[in-house]
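# Structural features, examined
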Amino acid sequence: TIENLEAKFQAKIDAEIKIEPKDWMPEKYRKTLVRQISQHAHSEIIGMLPEGNWISRAPSLRRKMALLAKVQDEGGHGLYLYSAAETLGTSREQMFEDLNAGKAKYSSIFNYPTLTWADIGAVGWLVDGAAIMNQVMLTRTSYGPYARAMVRICKEESFHQRQGYEITMALAQGSPEQKEMAQDALNRWWWPSLMMFGPNDATSTHSAQSMAWKIKRKSNDELRQAFVDATVPQAEFLGLTIPDKDLKWNEERGHYDFGEIDWEEFWQVVKGGGPCNKQRLRDRNKAYKEGAWVREAAMAHAKKRAEKRKA
Ligand code: ACO
């Protein structure tokens, strides 16, 4: 019976045995994974856009090479994640279609503009820092292909985070104008970075079930707190000020207390009303259309090679 199957499935999860593509799984588990992994893949792909904005304007050849490599990595992350989602029976074409039509979600963070070079530092330091905080737990997620994809992604993300911190450090130790740029970028990216972790646990729709299935290993609020605790000393080291007047070390809790997130802004951005949502979708659709010949050529090449192998 289905109850039997479900009990066996949960016992496997509890015993830390990975679920693999051909194993039986509850339909809701499959659906939750397709939702989360595809949203994650879309975030990687859309995340290339705000940074791509600065490749041609990086301040030196060395910075340009690092940024170019980083943006390429994000594209690769998207590909591993789309592959992981495909093992659950959804097609890449369908996922692309949903993204391009504006039906699929991707991380709220990528709907904010990168106005100055300092933003590339802040994105690496804060956005990739927040991403790693969330993704390290996903290397132990219960679905095998997702967990394995996350191992490599986390290694690359940690290079991205250092790259961003190093840019911010160079600016923070530079001229007064450069220091001001770094502070301004921190002011604009701090709160949206905290929003990346999603709604508070009490209002998070999927958390309880995803934790029981060990898709998620730590809650949205736990991860957000860990991010704040790790990042405050980094800002102090740079001599920059985190834009939160309620931020204070709480000796009793052994954590930083911090101010309330503007949840109205968060939901507005998630629902498509952020500063760059329209631009991102437009650019994504344009890139997809202009890349059609590359996809066709790759398919034709693969077909030719397969025929040669047969002959
Ligand atoms: N941006 C956009 N949507 C969000 C965000 C966010 N920052 N946080 C939560 N949401 C959405 C959820 O997708 C969900 O919407 P849905 O029901 O339509 O799918 C809704 O808000 C409710 O949130 P939760 O119930 O908390 O959702 P969930 O359990 O999936 O937790 C989280 C959200 C933590 C983002 C989880 O999906 C996750 O760990 N994803 C993998 C990591 C990831 O996607 N990172 C992307 C950014 S990092 C990068 O790309 C560099």
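Scroll up to find the structure.
The structure reproduced in this document is the subject of the present report. Residues take numbers from 1 onward in each chain, read along the sequence in its written order. For this predicted model, a pLDDT threshold of at least 70 governs which residues receive local features, and a threshold of 80 or more governs which side-chain atom pairs are given and counted, while totals over whole chains, interfaces and linings are taken from all residues. The side-chain figures draw on all heavy atoms in the structure; neither hydrogens nor water molecules are used.

Moving on: the nonpolar core. Working definition of a nonpolar core: buried Ala, Val, Leu, Ile, Met, Phe, Trp, Tyr and Cys residues. They are joined through side-chain atoms within 4.5 Å. The buried label applies to any residue whose accessible area, calculated with a 1.4 Å probe on protein chains only, is under 20% of its type's maximum; exposed applies above 50%, and partly exposed to all values in between. Counting residues in each nonpolar core, the largest one holds 72 residues, and the members touching the most others are Tyr29, Ile37, Tyr143, Trp189 and Trp190. Other than its neighbours up to four places away in sequence, Tyr143 contacts Lys18, Ile19, Glu20, Pro21, Met25, Tyr29, Leu33, Ile37, Ala84, Thr87 and Leu88. We call two residues in contact when some of their heavy atoms are within 4.5 Å.

Below, the discussion takes up the site of the ligand. In the vicinity of the ligand lie 30 residues, with Gln39, Lys105, Ser204, His206 and Lys216 positioned nearest. Here an oxygen atom of the ligand sits 2.7 Å away from a polar atom, N or O, in the side chain of Ser204. Nitrogen and oxygen atoms within 3.5 Å of one another constitute a polar contact, given that in protein one can donate a hydrogen and the other can accept it, and given that sequence-neighbouring residues count only through two side-chain atoms. Separating an oxygen atom of the ligand from a side-chain N or O atom of Asn220 is a distance of 2.9 Å. Against a free-state accessible area of 970 Å², the protein chains account for coverage of 91% of the ligand. Each cavity reported here is a set of points on a 1 Å grid over the protein atoms alone in which a 1.4 Å probe fits but cannot get out, each pocket an open set with protein on both sides within 12 Å along at least five of seven lines, and each lining residue one with an atom within 4 Å of a point. Being in a pocket or cavity means that more than half of the molecule's atoms lie within 2 Å of its grid points. Because more than half of its atoms lie within 2 Å of the grid, the ligand is assigned to the largest pocket. Note on conventions: DSSP H or I runs of at least 4 residues are helices, E runs of at least 2 residues are strands, and numbering of each starts at the N terminus. Elements supplying a minimum of two residues to the shell around the ligand: helix 2 (27-46), helix 6 (117-136), helix 7 (144-172) and helix 11 (263-273). Classifying every residue of the shell around the ligand by side-chain character gives twelve nonpolar, 13 polar and five charged. Being near a molecule or strand, for a residue, means having at least one of its heavy atoms within 4 Å of it. Computed with the Shrake-Rupley method and a 1.4 Å probe, the accessible areas treat only the protein chains shown as cover for residues. Only Asp, Glu, Lys and Arg are considered charged, only Ala, Val, Leu, Ile, Met, Phe, Trp, Tyr, Cys and Pro nonpolar, and every remaining residue, Gly among them, polar.

Attention now goes to the layout of surface pockets. Here the largest pocket defines a volume of roughly 980 Å³. What lines the largest pocket is a set of 40 residues, and nearest its centre among them are Gln39, Ser107, Met196, Phe197 and Gly198. Counting residues per element, the lining of the largest pocket draws most heavily on helix 6, which supplies seven residues. Its boundaries defined by the atoms lining it, the second largest pocket holds a volume of some 620 Å³. Forming the boundary of the second largest pocket are 20 residues, of which Leu79, Phe96, Arg284, Tyr288 and Arg295 lie nearest the centre. Broken down by element, the lining of the second largest pocket gets its largest block of residues, five residues, from helix 4 (residues 61-86). In terms of residue class, the lining of the second largest pocket is made up of eleven nonpolar, four polar and five charged. Grid points are joined across faces, edges and corners, and a volume is the space filled by probe spheres set on the points.

Two aromatic rings, drawn from Phe, Tyr or Trp (for Trp, its six-membered ring), form a pair once their centres lie within 6.5 Å of each other, and the interplanar angle then sorts them: stacked below 30 degrees, edge-to-face above 60, tilted otherwise. Under the criterion given, the structure shown has 13 aromatic pairs. Relative to Tyr288, the ring of Phe96 has its centre 5.5 Å away and its plane inclined at 65°; by these criteria the two rings are edge-to-face. In this pair, Phe96 sits in helix 5 (residues 92-100) while Tyr288 sits in helix 12 (residues 277-290), placing the two residues 192 residues apart along the sequence. What makes Tyr288 partly exposed here is its relative accessible area of 24%. A ring pair is formed by Trp263 and Phe266, whose centres lie 5.5 Å apart and whose planes are at 90°; its orientation type is edge-to-face. Remark: Phe266 and Trp263 occur in helix 11; sequence separation between them is three residues, near one turn of the helix. Accessibility assignment for this pair places Trp263 and Phe266 in one class, buried. A network of ring pairs unites the aromatic residues Phe9, Trp24, Tyr29 and Trp213 as a single cluster. A positively charged side chain is recorded as over a ring if its NZ (Lys) or CZ (Arg) lies within 6 Å of the ring centre. The angle to the ring normal must also be within 35 degrees. In this structure, Arg284 is placed above the aromatic ring of Phe96, and the distance from its NZ or CZ to the ring centre is 5.2 Å. Positioned over the ring face of Tyr288 is Arg295, at 3.7 Å from the centre of the ring.

With respect to the helices, strands and loops of the structure, Leu5 is situated in helix 1 (residues 2-14). Judged by relative accessible area, Leu5 falls into the partly exposed class, the value being 34%. Residues Leu5 and Gly164, spaced 159 residues apart in sequence, show a C-alpha to C-alpha distance of 47 Å.

A few words on the packing of helix 6 against helix 7. Fitted lines through C-alpha atoms serve as axes, helices being fitted only where they are in contact, and the angles separating the N-to-C directions of these axes extend from 0 to 180 degrees. At a minimum axis distance of 7 Å, the contact between helix 6 and helix 7 shows a crossing angle of 145°. Handedness of the crossing formed by helix 6 with helix 7: left-handed. Counted by class, the contact of helix 6 with helix 7 contains 13 nonpolar, ten polar and two charged residues. Crossing handedness is read from the near helix: turned anticlockwise from the far helix by less than a right angle, it gives a left-handed crossing, and turned clockwise, a right-handed one.

For the rest of this paragraph, the subject is the side chain of Ser207. Mapped onto the elements of the fold, Ser207 is located in helix 9 (residues 207-212). With residues near it in sequence (within four places) discarded, Ser207 still touches Lys216 and Asn220.

Salt bridges are defined by distance alone: a side-chain nitrogen of Lys or Arg within 4 Å of a carboxyl oxygen of Asp or Glu. A complete count under the given rule lists 20 salt bridges for this structure. Salt-bridge contacts for Arg30 lead to Glu27; the nearest nitrogen and oxygen are separated by 3.4 Å. With a gap of three residues between them, Arg30 and Glu27 both fall in helix 2, about one helical turn apart. The partner of Arg152 in a salt bridge is Glu156, and the shortest N-O contact between them spans 3.4 Å. Of this pair, Arg152 and Glu156 are both found in helix 7, four residues apart, which corresponds to roughly one turn of the helix. You can call Glu156 buried: its relative accessible area is 16%.

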